[in-house]
Amino acid sequence: MKKIMLVFGTRPEAIKMCPLVNELKIRKGIKTVVCVTGQHREMLDQVLTTFNVIPDYDLSIMKYNQTLFDITTGIMEKIKLILEKEEPDVVLVHGDTSTTFVTALACFYLHIPVGHVEAGLRTYNIDSPYPEEFNRQAVSIVSRYNFVPTQLAAENLIKEGKNPSSIYITGNTVIDAMRYTVTEEYTHPELDWVGDDKLILITAHRRENLGEPIHHMFRAIRRVLDEHSDCKAVYPIHMNPIVRKAANEEFYGCDRIHIIDPIEVFDCHNFEARCFLCLTDSGGIQEEVPSYGKPVLVMRDTTERPEGVDAGTLKLVGINEDVIYENFKELLEDKASYNKMARACNPYGDGQACKRIADILECGIYEPWVAKL
């Protein structure tokens, strides 16, 4: 029997790894061990509860105003003993967080094979996103298994000289998660507040956007909301105090936006399904919202998810206030522009990624999934 350990620590990782945990647990040929680092705390716990995943280990590294140094040393100091005790056959990490990088490094030191879920995403700009672009490139160097969401991600790894036999196109596990969270009967007080108006969903927290860029983003959004009485925005805000301070300053007195605490994955997916459009600098939401045929304006200069841009459901608008304002306004006022983006075309998966990954790990069975744009 193979022992598979999954290590993750943030809310976005948990959303994409918990469905895989549950798929692996039903496999007779696999013993599953779950370790969370607690890089995020409250937001991580919400997702674990939603998917009924109980970790075997919790490093609980999060502390107030933590830095990248705190996260890195906190994980490295604690995970060594767990890896040595469990001696897993494979350790699965996800994406591009500090948890992912440090765990992969620890596994490399201990000669434990690494499986990288959501491998191959690239901007090739080491500072954007920061530090995520470094993290995912570094993890790819040591990964034995590269579970990539799309053909383009596979091509990125092949161009970098990775062994093609280590690359498996599976689709993205976040689509698997969404199959179990969105319901027609869903209700929420914030949706009641929006009523018949257009729901604008906002997420913004990227480290490289902190400071003036995030103020530019918020000012652009406020200008549009002040001009359009048929829109209401909901912003589930990140726990980062810098983000919260900027939002409070720029949206003060605006009665067309509700800034709320982070919401559970169940709520998040149902808000996405019901929004008119989304403005974001996040990563996972770029994969999720296209499933519902809703436009996404990406407030970044680069994206590691260009498949969505090619499909027409994502649009890069950068961090310039006027550019964000014009593109946001256009989608509200120009029906043709909106309809052009509002196509339910998702290049990121069919809801079977977890099954494919489990088949590969348990039996070596591989049937690739290929997106049709």
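Look up a bit, the structure's there.
This text gives an overview of the structure that appears in the document. (Residues numbered from 1 in each chain as written. Predicted model: local features only at pLDDT ≥ 70, side-chain atom pairs only at ≥ 80, totals over all residues. Heavy atoms only, no water.)

1. A few points about the overall build of the protein
We count it as follows: Numbering of helices and strands runs from the N terminus; a helix is a DSSP stretch of H or I covering at least four residues, while a strand is a stretch of E covering at least two. C-alpha atoms define the radius of gyration, and 2.2 Å times the number of residues to the power 0.38 defines the globule rule. Think of it in three bands: with a 1.4 Å probe and only protein chains considered, a residue is buried below 20% of the maximum accessible area for its type, exposed above 50%, and partly exposed in between. For this analysis, residues touch if any pair of their heavy atoms sits within 4.5 Å. The method behind every accessible area is Shrake-Rupley, applied with a 1.4 Å probe, and residues are considered shielded solely by the protein chains displayed. Counting rule applied: Lys, Arg positive; Asp, Glu negative; His and chain ends not counted. Here the site of a charge means NZ on Lys, CZ on Arg, CG on Asp, or CD on Glu.
A count of helices and strands for the protein gives 16 helices and 13 strands. Taking 21 Å as the expected radius of gyration for a compact globule of 373 residues, we find that the protein reaches 20 Å, a close match to that expectation. C-alpha atoms of the protein, sized along the principal axes, occupy 60 × 45 × 40 Å. Across the 373 residues of the protein, 61% fall into the buried class. Nonlocal contacts in the protein, meaning residues at least 24 apart in sequence, comprise 70% of its contacts between residues at least 6 apart. A total accessible area of about 15,500 Å² is found for the protein, and carbon and sulfur atoms account for 52% of it. In the protein, 41 side chains carry a positive charge and 55 a negative one; their mean positions are 4 Å apart.

2. Thoughts on the nonpolar core
Spelled out, the test is: Each nonpolar core is a collection of buried residues, namely Ala, Val, Leu, Ile, Met, Phe, Trp, Tyr and Cys, held together in the definition by side-chain atoms within 4.5 Å.
Membership of the largest hydrophobic core comes to 36 residues, with the highest contact counts inside it found for Phe8, Leu20, Leu24, Leu92, Phe147 and Leu361. Top element by residues in this core is helix α1 (residues 11-25). It accounts for 7 residues. With near-sequence residues (within four places) excluded, Leu92 lies in contact with Ile4, Met5, Leu6, Val7, Met17, Leu20, Leu24, Gly115, Phe147 and Leu361. Listed in part, the 33 residues of the second largest apolar core include Tyr235, Leu277, Leu279 and Leu331.

3. A closer look at the pairing of strand β1 (residues 2-8)
For the record, the criterion: Two strands are said to pair when DSSP picks up at least two bridges between them. When the strands point away from the viewer, a crossover counts as right-handed if the path from the first strand over the helix to the second runs clockwise.
Counting buried residues in β1 gives 6 out of 7 residues, a clear majority hidden from the surface. When β1 meets strand β2 (residues 30-36), the two strands line up parallel, connected through 7 bridges. Along β2, the bridge assignment pairs Val7 with Cys35. The β-α-β motif built from β1, the intervening α1 and the parallel element β2 has right-handed crossover chirality.

4. Brief notes about the environment of Asp127
Within the secondary structure layout, Asp127 lies in the loop between β5 (114-117) and α5 (132-142). In this structure the C-alpha to C-alpha distance between Asp127 and Ala177, which are 50 residues apart in sequence, comes to 30 Å.

5. Digging into the state of the cysteines
Definition in use: Two cysteine sulfur atoms form a disulfide, by the criterion used here, when they sit within 2.5 Å.
Applying the stated criterion across every chain, the model contains 0 disulfides. Looking at Cys268, it has no disulfide partner, and the nearest cysteine sulfur is the one in Cys278, 8.4 Å off. Left without a disulfide partner, Cys363 is nearest to the cysteine sulfur of Cys354, which lies 16 Å away.

6. Looking at the packing of aromatic side chains
For the record, the criterion: Ring pairs are drawn from Phe, Tyr and Trp, using the six-membered ring of Trp, whenever the two centres fall within 6.5 Å, and their geometry is named by plane angle: stacked under 30 degrees, edge-to-face over 60, tilted for the rest.
Counting across every chain of the model gives 11 aromatic pairs. With a centroid separation of 5.8 Å and an interplanar angle of 35°, the aromatic rings of Phe147 and Tyr168 are classed as tilted. Of this pair, Phe147 sits in strand β6 (residues 143-148) while Tyr168 sits in strand β7 (residues 167-169); the two residues are 21 residues apart in sequence, bridging distant segments of the chain. One exposure class covers both Phe147 and Tyr168, and it is buried. Plain terms: the ring middles of Tyr168 and Tyr366 are 5.1 Å apart, the flat faces sit at 85° to each other, and that makes the pair edge-to-face.

7. A short note on the pattern of salt bridges
What counts here: Just to be clear on terms, a salt bridge is a Lys or Arg side-chain nitrogen sitting within 4 Å of an Asp or Glu carboxyl oxygen.
In this structure the tally under the stated criterion is 29 salt bridges. Residue Arg27 pairs with Glu23 through a salt bridge whose shortest N-O separation is 2.8 Å. The two residues Arg27 and Glu23 agree in class, both being buried. The residue Lys245 makes a salt bridge to Glu249 at a minimum N-O spacing of 2.5 Å. Here Glu249 and Lys245 lie together in helix α10 (residues 241-250), a separation of 4 residues that amounts to about one turn. Counted as one network, the salt bridges with shared partners bring together Lys16, Asp96, Glu118, Glu133, Arg136, Glu287, Arg300, Glu304 and Arg305.

8. A short note on the packing of α1 against helix α16 (residues 353-363)
Counted only if it meets this: Angles run from 0 to 180 degrees between N-to-C directions of axes, and those axes are lines fitted to C-alpha atoms, restricted for helices to the stretch in contact. Any angle that falls under 35 degrees is termed roughly parallel, while one over 145 is termed roughly antiparallel, one within 65 to 115 roughly perpendicular, and all others oblique. When the near helix sits turned anticlockwise from the far one by under a right angle, the crossing is termed left-handed; a clockwise turn instead gives a right-handed crossing. Three categories are distinguished: nonpolar for Ala, Val, Leu, Ile, Met, Phe, Trp, Tyr, Cys and Pro, charged for Asp, Glu, Lys and Arg, and polar for the others, with Gly belonging to the last.
Taken N-terminus to C-terminus, the directions of α1 and α16 make an angle of 45°; their axes are 9 Å apart at the nearest point. Classified by the angle between their axes, α1 and α16 sit oblique to one another. The way α1 lies across α16 gives a crossing that is right-handed. Contact residues: Pro19, Leu20, Glu23 and Leu24 in α1; Cys354, Lys355, Ile357, Ala358 and Leu361 in α16. Considered class by class, the residues forming the contact of α1 with α16 number 7 nonpolar, no polar and 2 charged.

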